[in-house]
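Structure at a glance
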Amino acid sequence: MIYDLSAHQPLTPTDPEVGIRMRRLSELGLGDQPDPEFDDFARKLTEVTQAPYAMVNFIGEHRQYFAGLAVAPSAPGAAASAQPGRVMDRDHGYCPHVVVRKKALVLDDVCDYPRFAGNPVVDEIGIRSYLGAPLIDRTGTALGTICVVDIEPRPWGRAGLETIKSLAAELIEKIHAREARG
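The structure displayed is predicted, hence computed values, not measured ones. (Residues numbered from 1 in each chain as written. Predicted model: local features only at pLDDT ≥ 70, side-chain atom pairs only at ≥ 80, totals over all residues. Heavy atoms only, no water.)

**Focus: the sheet that holds strand 6 (residues 142-150)**
With antiparallel pairing, the six strands of this open sheet are ordered in space as 3-2-1-6-5-4. Every other strand in the sheet has two partners, leaving strand 3 (87-89) and strand 4 (105-107) as the edge strands with one partner each. Across this sheet, the average inter-strand angle for adjacent strands is 25 degrees, counted without regard to direction. Contacts from helix 1 (residues 18-28) reach strand 1 (53-59) and strand 6 within the one sheet, and its direction differs from that of strand 6 by about 90 degrees. Contacts between helix 2 (residues 36-49) and the sheet are confined to strand 1, strand 2 (63-71) and strand 6, with strand 2 contributing the most and set at about 60 degrees to the helix. (Pairing = 2+ DSSP bridges. Helix = DSSP H or I, 4+ residues; strand = E, 2+ residues; numbered from the N terminus. Axes fitted to C-alpha atoms, helices over the stretch in contact; angles between N-to-C directions. Contact = heavy atoms within 4.5 Å.)

What follows is the structure, encoded as structure tokens:
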């Protein structure tokens with residue numbers, strides 16, 4: 001599906017807090033390396049939501065970094081030796097929208113939304129549904145997101161929205177506990 005992007009809003013919103021977020025991520029030592037605790041949390045996301053793919057994602061100025069990444073055993077291609085990459089351009093996917101809005105985003109079928117249907121992850125990766133929530137720390141900074149995606153349209157509903165928001169709050173508590181430990 002191809003859209004005339006000149007008739008729609010830009011694929012990725014302007015991020016006025018990127019500098020603040022980058023400083024905060026640096027203070028916390030997050031955002032640029034895989035983390036086994038976040039991989040475990042991403043696995044939990046796949047189990048709880050029954051989604052094939054889950055990420056703990058930190059958003060930079062030009063890229064996204066999946067510090068936590070999980071592919072459910074039942075996911076298409078899960079048996080293959082290749083794992084999805086941990087780095088994605090900032091203009092790919094939906095997490096940058098969640099970070100800028102500081103609100104969860106539910107897309108049952110991304111193709112139902114012209115702004116999101118034209119995103120490169122639809123054609124390049126085959127993403128058809130998305131459920132994500134921001135990771136907002138004690139300073140009010142949106143550090144990144146947790147999200148789950150599927151290659152099929154999926155009705156996440158209010159239950160999915162409440163679940164992803166609750167899990168984001170749980171992960172922020174873990175991040176705050178890490179910070180307190182120093």
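So, next bit.
**Things to note about the packing of aromatic side chains**
The full count for this structure, using the stated rule, is four aromatic pairs. With a centroid separation of 5.7 Å and 55 degrees between ring planes, the pair formed by F38 and F58 is classed as tilted. Taken together, the positions of F38 in helix 2 and F58 in strand 1 put the pair 20 residues apart, joining distant regions of the chain. Take F38: its relative accessible area is 1%, and that puts it in the buried class. Among the aromatic residues, those joined into a ring-pair cluster are Y94, Y113, F116 and Y130. R178 extends its terminal NZ or CZ atom over the ring of F38, reaching a point 4.5 Å from the ring centre. (Phe/Tyr/Trp six-rings, centres within 6.5 Å; stacked < 30°, edge-to-face > 60°. Buried < 20%, exposed > 50% of the residue type's maximum accessible area, 1.4 Å probe, protein only. Lys NZ or Arg CZ within 6 Å of the ring centre and 35° of its normal.)

Without other data, these values stay purely geometric and don't point to any function.
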